[in-house]
Amino acid sequence: MKTLLTGLSAAALIAGAALADDLLLVVNKGDDTLALVDAETLEVTATVPTGDNPHEVYPSPDGALAYVSDYGGAQGTTVTVVDLATASATATWDIAPNRGPHGIWVSGDGALVWVTTETSGTVTEIDAATGEITNVWETGQAVSHQLVPTPDGEKLYIANIGSGSVTVITRATGEVVSIPTGAGAEGIDVSPDGSEVWVTNRSADTVSIVDVATDTVTATIPSGGVFPIRARFAPDGSEVWISNAQSGSVAVIDAETHEVLATVDTGAVPIGLLMDPEGDRVFVANTQDDFVTVIDRETREVTGRVETGDEPDGLAWVTR
């Protein structure tokens, strides 16, 4: 069901500042907001109210909209739709009885929104034009948390924290299978060429590598820190960056050799992780310190930080 928002439609714009063409989107869990950050100046130019306890965000391919999962302390049932041109929340989608929306992604053509509804042990597919539910898959796993599709959109991969596994959904057939990875499987990303999926096992301090062609684990390697919680491939596929929440750092891992190339100190409890499209800068949401760390990818040095709100977590990049 799609419901128009009433009290959540106003954005707090900064002194009439125009929105930049390139935006960093930051979800603030503690404030129930989405911050819109100018990607060049790193200034917050708008703050948009969302639903309760938002966790993740993903933009439409044309950069017009952003979709925010309103986790609601694992009991939420809504997705907030944000118009980025006006910096305002324009609708909320009620996806009950599916509860605990968390990981979120938009199909390459912008037609579908996929969201993990972890409390229900499901993945919910939503028509982006209408807000109506078009499909629900049961993972059969506990705490289905993060989601990533293959580049062609044929498969969805879901990390299941409670089961220590990855669920694979083949969309054309509806087949659902799960693969054991490691304790506390949470973060997940797919290589740019679609050949591998990397999964962070937070309770095991490891990363499992899944071969997409066979859906088997081909390697499990150290995460380069303690409590690995997110993974992000560089756009060229050469490196994978891992945020290790209890280490207060991110690790840089060679995607081919699996060697830990470097670790970079960030701040307390780094979770959300993002690279710009060129792969020049890395952004890390330090949830406990209430800022986003900015890292130069080539030098692996911290170059700045952005204070976006209380408990920043999910990150996304938008080119409008």
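What counts as what
Residues numbered from 1 in each chain as written. Predicted model: local features only at pLDDT ≥ 70, side-chain atom pairs only at ≥ 80, totals over all residues. Heavy atoms only, no water. Helix = DSSP H or I, 4+ residues; strand = E, 2+ residues; numbered from the N terminus. Rg over C-alpha atoms; globule rule 2.2 N^0.38 Å. Buried < 20%, exposed > 50% of the residue type's maximum accessible area, 1.4 Å probe, protein only. Contact = heavy atoms within 4.5 Å. Areas by Shrake-Rupley, 256 points an atom, 1.4 Å probe, with all protein chains shown as cover. Lys, Arg positive; Asp, Glu negative; His and termini not counted. Charge placed at Lys NZ, Arg CZ, Asp CG, Glu CD. Core = buried A, V, L, I, M, F, W, Y, C linked by side-chain atoms within 4.5 Å. Polar contact = N/O pair within 3.5 Å; in protein donor to acceptor, adjacent residues only side chain to side chain. Pairing = 2+ DSSP bridges. Axes fitted to C-alpha atoms, helices over the stretch in contact; angles between N-to-C directions. Salt bridge = Lys/Arg side-chain N within 4 Å of Asp/Glu carboxyl O.

A short note on the overall build of the protein chain
Thought 1: Looking only at helices and strands, the protein chain has zero helices and 30 strands in total.
Thought 2: Its C-alpha atoms give the protein chain a radius of gyration of 18 Å, within 12% of the compact-globule value 20 Å for 320 residues.
Thought 3: For the protein chain, the spread of C-alpha atoms along the three principal axes comes to 50 × 45 × 30 Å.
Thought 4: Each of the 320 residues in the protein chain was classed as buried or not, and the buried ones make up 56%.
Thought 5: Counting only contacts in the protein chain whose residues sit at least 6 apart along the sequence, the fraction spanning at least 24 positions is 42%.
Thought 6: Surface accessibility of the protein chain: about 11,700 Å² in total, with carbon and sulfur atoms responsible for 48%.
Thought 7: Here the protein chain contributes 13 positive and 47 negative side-chain charges, whose respective centroids are spaced 2 Å apart.

Observations regarding the nonpolar core
Buried together is how nonpolar side chains tend to be arranged in soluble globular proteins.
Thought 1: In this structure, Trp114, Val123, Leu156, Tyr157, Ile188, Val197 and Val199 are the most contacted members of the largest nonpolar core, which totals 22 residues.
Thought 2: The set of elements that each furnish at least two residues to this core consists of β11 (112-117), β14 (144-149), β15 (155-160), β16 (165-170), β18 (185-190) and β19 (196-201).
Thought 3: Sort the elements by how many residues they give to this core and β15 lands first, with four residues.
Thought 4: Grouped together as the second largest cluster of nonpolar side chains are 18 residues, Leu34, Ala66, Ala316 and Val318 included.

Some thoughts on the environment of Asn244
Thought 1: One can find Asn244 in strand β23 (residues 239-244).
Thought 2: On the basis of relative accessibility, which here comes to 0%, the residue Asn244 falls in the buried class.
Thought 3: Sequence separation between Asn244 and Leu34 is 210 residues; the distance between their C-alpha atoms is 24 Å.
Thought 4: Residues contacting Asn244, with those up to four places away along its chain left out, are Ser223, Gly224, Gly225, Val226, Phe227, Pro228, Ser249, Ala251 and Pro270.
Thought 5: Side chain to side chain, Asn244 and Ser223 meet in a polar contact 3.0 Å long.

Structural notes on the pairing of strand β9 (residues 88-94)
For a regular strand, side chains alternate in direction, first toward one face of the sheet and then toward the other.
Thought 1: By the criterion of burial, β9 is predominantly enclosed, with five of the seven residues buried.
Thought 2: The loop that links strand β8 (residues 78-83) with its antiparallel partner β9 comprises four residues; one of these, Ala87, has a positive phi angle of about 55°.

Quick word on the sheet that holds strand β10 (residues 101-106)
Thought 1: One open sheet holds the four strands; their spatial order is β10-β11-β12-β13, and the pairing between them is antiparallel. Pairing within the sheet leaves two strands with one partner each, and these edge strands are β10 and β13 (133-138). Strand-to-strand twist across the sheet, computed as the mean angle between neighbouring axes with direction ignored, equals 20°.

Observations regarding the pattern of salt bridges
Thought 1: Across all of its chains, the model carries 11 salt bridges by this definition.
Thought 2: As a salt-bridge pair, Lys155 and Asp215 come within 3.0 Å of each other at their nearest N and O atoms. Of this pair, Lys155 sits in strand β15 while Asp215 sits in the loop between β20 (206-211) and β21 (216-222); the two residues are 60 residues apart in sequence, bridging distant segments of the chain.
Thought 3: Under the relative-accessibility criterion, Asp215 is labelled buried at 17%.
Thought 4: One continuous salt-bridge network, built from bridges that share partners, spans Glu56, Glu186, Arg202 and Arg230.

A word on unusual backbone geometry
Thought 1: Following Ala96, the chain continues into Pro97 via a peptide bond in cis, with omega recorded as 15°.
Thought 2: For Pro97, the location among the structural elements is in the loop between β9 and β10.
Thought 3: For Asn53, which is not a glycine, the phi torsion comes out positive at approximately 55°.
Thought 4: Relative to the elements of secondary structure, Asn53 occurs in the loop between β5 (44-49) and β6 (54-59).
Thought 5: Look at Val269: it is not a glycine, yet its phi comes out positive at around 55°.
Thought 6: Relative to the helices and strands, Val269 is located in the loop between β25 (260-265) and β26 (270-275).

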